[in-house]
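Structural description and commentary
Residues per chain are reported as follows:
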Amino acid sequence: MLSATHPYDALMDITARPSTVFVQGKGSWLWDDTGKRYLDFIQGWAVNSLGHAPPAIAKALVEQANRLITPSPAYYNDVSLKLAKALVDQSCFDQVFFTNSGAEANEGAIKLARKYGALHKSGAFEIITFDGGFHGRTLATMSASGKKAFEPMFEPKVPGFRKARLNDLASVARLITEKTIAVMLEPIQGEAGVWAATPQFLQGLRALTKQHGLLLIVDEIQTGMGRTGKLFAYEHAEITPDIMTLGKGIGGGVPLAALLATEQASCFEHGDQGGTFNGNPLMCAAGLAVIEEIGKPAFLKAASDAGLYLESELQRLSARHGLGEVRGRGLLLALDLKLPIAISIVAQAFEAGLLLNAPRPDTLRFMPALNVTREEIAEMIGSLDAILTKSGAARRVP
Ligand SMILES: Cc1ncc(COP(=O)(O)O)c(C=O)c1O
């Protein structure tokens, strides 16, 4: 047995983390066990769509925990039926399968595509994914991802994924063979550093996949549920994909994710898919609370306005410090620092009580709560301005 000499030693050491222990949150703010307050522009990696400890989710969880936590996935429950109906009513999809994590939803999407290939395309099973893409940390979703660091890990990979280049339709067309069944992508590559698929590319992909009888799968685990200013990012390109995965923001902080499919693509048969906690009413109650809040008339407009304000403030900051472009959409934005100083900026921000993320050494990513206020955005910009000025690493333009 490992002798636990330090309180953290009982947890597997899977990533470098500051020793700070968080104990409380409210809206855009987190507190550690010393009482220090942090302004949170990570929000659990774009997870807490309504911020920390939102009353709507707390109420839904308490009420549901007192009523029914799970009857088992062998039976229907009223809450998952309501949530599935709400998602179907507000999207171009017809059916939903709930999962506990984004990776599990993507595993389901991969299985569904393979099933479709077995039923309708002579056993075609290959899925075209993209360099830089991120789809999760199970073996199949790591294999589907185009993250360089994953390449040498956990060999052998799950076969059947071929990588094209984002926004390069010809690179997709070149990979299509009789074995191909689907194309799968994030409308905005989040983990790679916030790189958007252009609307023209998404429209081109839709036409190409239709032409070859392929499924189009959008991984909206990071971009879905209002993150980009619309409920789903595919809406910006005015396309209708065949399959979509949701995660992160759909549960507002609790483990809930979903696989959605059109009637034609929804081809699982009994025994193909399942899982103990899938569609359990406790997590689905949180999902319902999130979708009800996001569905309130002014919510998405306010999130979209907040995104535009954050974008313009980041652009001002960039101009003032001689930095690079601001990328992304809505409240999923990145600032190119043009220098490999992002890790150091994140560390300094942490000391100053500001939580920021660096998906690349030269890039900061911003994914605040969807109900972040203008004052909180202004406060974050003020802190970041002070850190950039103090660090002196960036050229300050007079
Ligand atoms: C686009 C995308 N897909 C899939 C995942 C995996 O989701 P999870 O960590 O819930 O398994 C993530 C997580 O960052 C993601 O951003």
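Let us look at the structure shown here. What you are looking at is a predicted structure, and each value in this text was computed from that prediction instead of being measured. (Residues numbered from 1 in each chain as written. Predicted model: local features only at pLDDT ≥ 70, side-chain atom pairs only at ≥ 80, totals over all residues. Heavy atoms only, no water.)

1. Concerning the sheet that holds strand S13 (residues 326-329)
Taking strand neighbours across the sheet as the criterion, the four strands line up as S13-S14-S17-S16 in an open arrangement whose pairing is antiparallel. This sheet does not close on itself; its edge strands, each paired only once, are S13 and strand S16 (357-360). Along the sheet, successive strands turn relative to each other by an average axial angle of 30°, direction set aside. Of the strand pairs in this sheet, S16 and strand S17 (residues 363-366) are connected by two bridges, and their pairing is antiparallel. (Pairing = 2+ DSSP bridges. Helix = DSSP H or I, 4+ residues; strand = E, 2+ residues; numbered from the N terminus. Axes fitted to C-alpha atoms, helices over the stretch in contact; angles between N-to-C directions.)

2. Examining helix H2 (residues 55-67)
Count 3.6 residues to each turn of an α-helix, and residues three or four apart come out pointing the same way. Over its 13 residues, H2 runs 18 Å from end to end, which matches the ideal 18 Å to within 8%, given 1.5 Å per residue. Of the positions making up H2, those classed as buried are Ile57, Ala60 and Gln64. Along the long axis of H2, the arc covered by the buried residues comes to 65°, so they all point the same way. When the buried face of H2 is taken as reference, the exposed residues oriented beyond 90 degrees from it are Pro55, Lys59, Val62 and Asn66. Structurally, H2 contributes buried residues whose contacts are with helix H3 (78-89) and helix H8 (281-294). (Expected span 1.5 Å × (residues − 1). Buried < 20%, exposed > 50% of the residue type's maximum accessible area, 1.4 Å probe, protein only. Arc of directions from axis to C-beta. Contact = heavy atoms within 4.5 Å.)

3. Some remarks on the sheet that holds strand S6 (residues 161-164)
What the seven strands build is an open sheet, ordered S4-S12-S11-S10-S7-S5-S6; its pairing is mixed. In this open sheet, the two strands that pair with only one neighbour each are strand S4 (95-99) and S6. Strand-to-strand twist in this sheet, taken as the mean axis angle between neighbours without regard to direction, amounts to 20°. Bridge count between S4 and strand S12 (residues 257-261): five bridges; the pairing is antiparallel. Counted as the bridge partner of Phe98 is Ala258 from S12. Where H3 meets the sheet, its contacts fall on S4, strand S11 (243-246) and S12, and the angle it forms with S4 comes to roughly 125°.

4. Observations concerning the packing of aromatic side chains
On inspection of all chains with the given rule, the structure shows seven aromatic pairs. With a centroid separation of 6.4 Å and 80° between ring planes, the pair formed by Phe22 and Phe350 is classed as edge-to-face. A residue pair is termed long-range when its members are at least 10 positions apart, and Phe22 in strand S1 (residues 22-26) and Phe350 in helix H10 (residues 342-351) qualify at 328 residues. The exposure class of Phe22 is partly exposed, given its relative accessible area of 34%. When its relative accessible area of 14% is taken as the criterion, Phe350 is described as buried. On the basis of an interplanar angle of 5° and a centroid distance of 5.9 Å, the ring pair of Phe232 and Tyr234 is categorised as stacked. Here Phe232 and Tyr234 have matching classes, each one buried. One aromatic cluster is present, built from ring pairs that chain together Phe22, Tyr38 and Phe350. (Phe/Tyr/Trp six-rings, centres within 6.5 Å; stacked < 30°, edge-to-face > 60°.)

5. Some remarks on the pattern of salt bridges
What the rule picks out here adds up to 16 salt bridges. Note that Lys301 is salt-bridged to Asp305, the shortest N-O span being 2.8 Å. Note that Lys301 and Asp305 are positioned in helix H9 (residues 299-321) at a spacing of four residues, about one turn of the helix. Exposure remark for Lys301: the relative accessible area of 53% places this residue in the exposed category. The partly exposed category is assigned to Asp305, whose relative accessible area is 35%. Ionic contacts of the salt-bridge type, sharing partners, join the residues Lys115, Glu269 and Asp272 into one network. (Salt bridge = Lys/Arg side-chain N within 4 Å of Asp/Glu carboxyl O.)

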